[in-house]
Amino acid sequence: MDTLVKAQNLSIKYPNSDEPVIIDTNFEIKDNEIFVLVGPSGCGKSTILQALAGFIQADGVLTMNGQTIDTPDWQRGVVFQNSSLYPWFTVKDNVGFGLKARQFSKADIEKRVAYLLDLIGLSDQGNTKTFELSGGMRQRVAIARVLANKSPLLLMDEPFGALDAFTRAKMQKLILDIWRQEKTSIFMITHDLNEAIRCGNRIAIMNNHDKKIIEIKDNPFQNIDVEELDDFELERKIDKYRKSILELINQ
Ligand SMILES: Nc1ncnc2c1ncn2[C@@H]1O[C@H](COP(=O)(O)OP(=O)(O)OP(=O)(O)O)[C@@H](O)[C@H]1O
Ligand SMILES: [Mg+2]
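Residues numbered from 1 in each chain as written. Chains lettered and ligands numbered in written order. Predicted model: local features only at pLDDT ≥ 70, side-chain atom pairs only at ≥ 80, totals over all residues. Heavy atoms only, no water.

Overview of helix α1 (residues 45-53)
- Counting buried positions along α1 yields seven of nine residues, so the element is predominantly enclosed.
- When α1 is considered as a whole, its buried residues turn out to be Lys 45, Thr 47, Ile 48, Leu 49, Ala 51, Leu 52 and Ala 53.
- Two residues or fewer after α1 comes Gly 54, characterised by a positive phi angle close to 90°. (Buried < 20%, exposed > 50% of the residue type's maximum accessible area, 1.4 Å probe, protein only. Helix = DSSP H or I, 4+ residues; strand = E, 2+ residues; numbered from the N terminus.)

Below, the structure written as structure tokens:
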């Protein structure tokens, strides 16, 4: 697989503090992979995402397709835990907003929006105002709005963190479906190891004190919903794998 994003000796310091939050970290995001980042609260996960988005500056090498990332760009779409939509706009207008701003034709926007609403299962809610939607529906709209731009990289910071377990499981499946259909790359932060194991091609791990990604593991269990499993042998293997991640996080 080709490299989409390269981070080499990446260090990040907020302007208002003396201590860097991230020191000398290295990782690559490959084309068409889901790269999941896990680690304890406060270790610097969101900080790395913000640098990837171009919201904050970093030292060292940080490139996407060979070009330095130093500013926000439609090529990198961001979804947060509580993504803000335009509450008085309809679902359709929220999803098509970026395309309109980029002056796509009305027909092209309609076509793309209809396709995306179908993808996220909200075709019947196209004309609903987004303040009327449930949290899960709202996150689906936020994801579709980012997908509308055909961004080659989606950056997701605990995108399902505010959702109940049942909705969360459905969203994980949706993300995998979207990833397969849209052939996009995804950088996702989660504190839920089962979510990381279900979604990630690779899982990057941080701990509380090293201020960097300490290990990146291939994940042989992508696509498996651990909570629905009734295969004991497989469950045991996943349990062992999960524990090996936890040990690194707590190191
Ligand atoms: N805007 C900021 N200015 C200064 N320091 C910040 C800023 N944002 C975050 N930090 C600090 O950087 C460190 C890493 O924060 P970050 O939000 O990246 O952690 P996180 O791993 O995403 O945690 P969580 O899992 O709780 O979201 C923390 O010590 C935090 O206080
Ligand atoms: Mg965070």
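From this point, the discussion proceeds with the structure in view.
Thoughts on the site of ligand 1
- Around ligand 1, the surrounding shell consists of Tyr 14, Asn 16, Val 21, Pro 40, Ser 41, Gly 42, Cys 43, Gly 44, Lys 45, Ser 46 and Thr 47.
- Taking Asn 16, its side chain carries an N or O atom lying 3.4 Å from a nitrogen atom of ligand 1.
- When isolated, ligand 1 has an accessible area of 640 Å², and the protein chains bury 57% of it.
- Residue composition of the shell around ligand 1, by class: four nonpolar, six polar and one charged. (Near = heavy atom within 4 Å. Polar contact = N/O pair within 3.5 Å; in protein donor to acceptor, adjacent residues only side chain to side chain. Areas by Shrake-Rupley, 256 points an atom, 1.4 Å probe, with all protein chains shown as cover. Nonpolar A, V, L, I, M, F, W, Y, C, P; charged D, E, K, R; others polar.)

Brief notes about the sheet that holds strand β3 (residues 34-38)
- Taken in spatial order, the six strands line up as β6-β7-β8-β3-β9-β10 in an open sheet, and their pairing is mixed. Each edge of the open sheet carries a strand with a single partner, namely β6 (76-79) and β10 (213-218). Sheet twist, expressed as the mean angle between neighbouring strand axes with direction ignored, is 20°.
- Pairing of strand β7 (residues 153-157) with strand β8 (residues 185-189) involves five bridges; the strand directions are parallel. Counterpart to Leu 153 in the pairing with β8 is Ser 185.
- Running over the sheet, helix α5 (residues 165-182) touches β3, β7 and β8 and is turned about 145° from β3. (Pairing = 2+ DSSP bridges. Axes fitted to C-alpha atoms, helices over the stretch in contact; angles between N-to-C directions. Contact = heavy atoms within 4.5 Å.)

Here's the deal with the sheet that holds strand β2 (residues 22-30)
- The strand order β2-β1-β4-β5 describes an open sheet built from four strands, whose pairing is antiparallel. Each edge of the open sheet is held by one strand with a lone partner, namely β2 and β5 (67-68).
- When strand β4 (residues 59-64) meets β5, the two strands line up antiparallel, connected through two bridges. From the neighbouring strand, Met 64 faces β5, where its bridge partner is Gln 67.
- Contacting β1 (3-12), β2 and β4, α1 crosses the sheet at an angle of about 60° to β2.

Things to note about the side chain of Glu 158
- Assignment of secondary structure puts Glu 158 in the loop between β7 and α5.
- Notably, Glu 158 is buried but unbridged: the nearest opposite-charge side chain belongs to Lys 45, and the N-O separation is 5.1 Å.
- Within polar-contact distance, the side chain of Glu 158 engages the side chain of His 191 at 2.6 Å.
- Contacts of Glu 158, omitting those with residues within four sequence positions, involve Gln 81, Ile 189, Thr 190 and His 191. (Lys, Arg positive; Asp, Glu negative; His and termini not counted. Salt bridge = Lys/Arg side-chain N within 4 Å of Asp/Glu carboxyl O.)

Describing the domain arrangement of the chain
- According to the domain assignment, the chain contains domain 1 (3-75 + 151-249) and domain 2 (84-150).
- Look at where the C-alpha atoms of domain 1 and domain 2 centre, and you get two points 25 Å apart.
- Across the boundary between the two partners, domain 1 contributes 14 residues, which contact 14 residues of domain 2.
- Taking both partners together, domain 1 and domain 2 bury about 1,200 Å²; carbon and sulfur atoms supply 68% of that area.
- For the interface between domain 1 and domain 2, the tally reads one salt bridge.
- The salt bridge involving Arg 112 is made with Glu 182; its shortest N-O contact spans 2.8 Å.
- Considering each element in turn, the side of domain 1 that touches domain 2 owes the most residues, seven residues, to α5.
- Residue composition of the side of domain 1 that touches domain 2, by class: ten nonpolar, three polar and one charged. (Domains from an automatic or database assignment. Buried area = accessible area lost by both parts, 1.4 Å probe.)

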